[in-house]
Amino acid sequence: LTHSPYEPLQADTLADRLGGLPQMTARIGPPAQWRVSEIGDGNLNLVFIVEGAAGSVVVKQALPYARVVGESWPMSLDRSFFEQEALLRLGRRDPGRLPEIYYFDRHQAIQIMEHLRPHVILRKGLMAGERFPLMAGQLGRYLARTLFRGSDWAMETARRKADLALFAGNVELCGITEDLFFTDPFHDCARNSHSPGLDSAVAAIRADRELKLAALELKARFCGSAQTLLHGDLHTGSIMVCAADTRIIDAEFATYGPMGFDIGSLLANLWMAVFALPGLRPDDEAMPAYRGWILDTAETIWTTFAEEFTRLWHGERGGILGGRELFEDQADAIGSELALNTMLDGIWRDAVGFAGIEIHRRILGLAHIPEFETITDEARRAGCEYRALMAGRVLAVERGRLATIGQVRTLIARLE
Ligand code: ADP
Ligand code: MG
Ligand code: MG
Ligand code: MG
């Protein structure tokens, strides 16, 4: 495998190509009995489920181009290597929250990993009206643990600098984020598309200097602040859930950046689900209560994040930025609280701003989301998207004034 030239897997060649790997046969049994199905619903890569007599695994392989666009958009296979390196680190920082990796071949850009089941993609679960009682707590703790433990508050200099240098190599995907999030939606870029009903809103957005200044400031923050190792693509399509368990997948966009980026991406996708629901299920009486549940979930994610971050602050602070020597050791608990609160305030402000950007790029940019795309009535869809954009503008521009997540909830309610 490693010695043959790179070649994309196919459902009917997979058993031939991977059948000799003990990492496969030990787990799922002999290749003669494998059943292979391609399930990739993602934008970039091939994903297969391989079921054998003894179990099943997931095989993910990078293609040398972006699947969503085609061969005209070449993309380096190296993203698979960065995904692997990120999965290992994030998995160590919050054990059990990422799929277990069984095998990785850098040359073929193939990862073989735990088949998550009965998990579903969170985005699909939200569109189906499902509730996941443990998810918000698990996600809040995941965010605190990975963001804190990958930062200067936890890592010592040599390892931290080495990781910063390593992930600086993930330039191609990081460059995509820079353009697709922060610039494309705010000008007439050929990759963009939007609902016909939004033409005048889009014209207003492109003329909105305050909004463009906010997008530029947030872009500078994303590019210039290497606070921690981010997942980098933490939307509701990168989370798989079931009643008991929540997992994070698809870390190929991993990059050093500001902590608020992962948090803001996730919250924005929850808030967009809220904006989309009246369009998706206009006649469903249970819909308002379900929207309340999603808003509660967003709130619990943030409050759990802050609680867990506080716990780590008191219990694990060390690393480059130092531990207890400035404050606790000198009986100055208040100094430590002030530094912690400054951190949390900054993370919150960033998260709010990045959420506002995420909303814009999902409605105006290249990569749209099915919550809006599957609203069949065009006018209704444009209405849902418009309200989300109005919220997104306030989040981006007024990120310094929205001090609590309760205020975001009020903002969303006001737009209905
Ligand atoms: P892409 O980078 O192309 O977006 P993803 O890693 O998001 O690829 O995987 C695409 C889809 O494959 C996911 O949306 C999910 O449905 C499925 N998938 C990926 N990894 C797993 C896994 N470990 N277990 C079960 N399903 C998975
Ligand atoms: Mg994906
Ligand atoms: Mg996906
Ligand atoms: Mg991906």
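Residues numbered from 1 in each chain as written. Chains lettered and ligands numbered in written order. Predicted model: local features only at pLDDT ≥ 70, side-chain atom pairs only at ≥ 80, totals over all residues. Heavy atoms only, no water.

Caption draft 1: Examining the domain arrangement of the protein chain more closely. Taken as a whole, the protein chain is organised into domain 1 (14-114) and domain 2 (120-414). Averaged C-alpha coordinates put domain 1 and domain 2 at centres separated by 26 Å. Each partner contributes residues to the interface: domain 1 has 24 residues there, and domain 2 has 33 residues. Between domain 1 and domain 2, roughly 2,500 Å² of surface is buried when both sides are summed, and carbon and sulfur atoms account for 58% of that area. When the area that domain 1 buries against domain 2 is broken down by residue, the three leading residues are Phe-82, Arg-93 and Arg-97, summing to 32%. (Domains from an automatic or database assignment. Contact = heavy atoms within 4.5 Å. Buried area = accessible area lost by both parts, 1.4 Å probe.)

Caption draft 2: Structural context of the sheet that holds strand β8 (residues 120-121). With antiparallel pairing, three strands are arranged side by side in an open sheet as β8-β10-β11. Both outer strands of the open sheet, β8 and β11 (246-248), are each paired with one neighbouring strand and no more. Where strand β10 (residues 239-241) and β11 come together, three bridges link them in antiparallel fashion. The partner of Met-240 across the bridge, within β11, is Arg-247. Contacting β10 and β11, helix α5 (residues 135-149) runs over the sheet at an angle of about 35° to β11. (Pairing = 2+ DSSP bridges. Helix = DSSP H or I, 4+ residues; strand = E, 2+ residues; numbered from the N terminus. Axes fitted to C-alpha atoms, helices over the stretch in contact; angles between N-to-C directions.)

Caption draft 3: Local environment of the packing of aromatic side chains. Under the criterion given, the structure shown has 15 aromatic pairs. Ring geometry for Phe-181 versus Phe-261: centroids 5.3 Å apart, planes at 50°, classification tilted. In this pair, Phe-181 sits in helix α7 (residues 171-182) while Phe-261 sits in helix α10 (residues 260-280), placing the two residues 80 residues apart along the sequence. Both residues of the pair, Phe-181 and Phe-261, belong to the buried class. Consider the rings of Phe-222 and Phe-261, whose centres lie 4.7 Å apart with planes at 45°: the pair is tilted. Taken together, the positions of Phe-222 in helix α9 (residues 209-224) and Phe-261 in helix α10 put the pair 39 residues apart, joining distant regions of the chain. Residue class for Phe-222 comes out buried when judged on its relative accessible area of 2%. (Phe/Tyr/Trp six-rings, centres within 6.5 Å; stacked < 30°, edge-to-face > 60°. Buried < 20%, exposed > 50% of the residue type's maximum accessible area, 1.4 Å probe, protein only.)

Caption draft 4: Seen up close, helix α8 (residues 199-206). Of the residues making up α8, those classed as buried are Ala-201, Val-202, Ile-205 and Arg-206. One side of α8 carries all its buried residues, which in axial view fall inside an arc of 135°. (Arc of directions from axis to C-beta.)

Caption draft 5: Layout of the coordination of the magnesium ion (ligand 4). In this structure, Asp-250 (OD), Asp-250 (OD) and Glu-252 (OE) serve as the protein donors to the magnesium ion (ligand 4), at separations of 1.9 to 2.3 Å. A separation of 3.6 Å is found between the magnesium ion (ligand 4) and the magnesium ion (ligand 2), both of which receive a donor from Asp-250. Note on accessibility: Asp-250 and Glu-252 belong to one class, buried. (Donors = N, O, S within 2.8 Å, 3.2 Å for Na, K, Ca; no water.)

Caption draft 6: Highlighting the side chain of Asp-163. Structurally, Asp-163 is set in helix α6 (residues 157-168). By relative accessible area, which is 5% here, Asp-163 ends up buried. Within the local environment of Asp-163, its side chain forms a polar contact with the side chain of Arg-89, the two groups lying 2.8 Å apart. Beyond its immediate chain neighbours, meaning those up to four positions away, Asp-163 contacts Arg-89, Arg-93, Met-155 and Tyr-256. (Polar contact = N/O pair within 3.5 Å; in protein donor to acceptor, adjacent residues only side chain to side chain.)

Caption draft 7: Structural context of the packing of α5 against α10. Packing of α5 against α10 leaves a shortest axis separation of 10 Å and a crossing angle of 160°. Taken as axis vectors, α5 and α10 run roughly antiparallel relative to one another. The handedness of the crossing between α5 and α10 is right-handed. Taken together, the residues of α10 that come into contact with α5 (itself represented by Leu-139, Leu-143 and Leu-147) are Asp-262, Ile-263 and Leu-266. Residues that form the contact of α5 with α10 fall into these classes: five nonpolar, no polar and one charged. (Parallel < 35°, antiparallel > 145°, perpendicular 65-115°, else oblique. Left-handed = near helix turned anticlockwise from the far one by under 90°. Nonpolar A, V, L, I, M, F, W, Y, C, P; charged D, E, K, R; others polar.)

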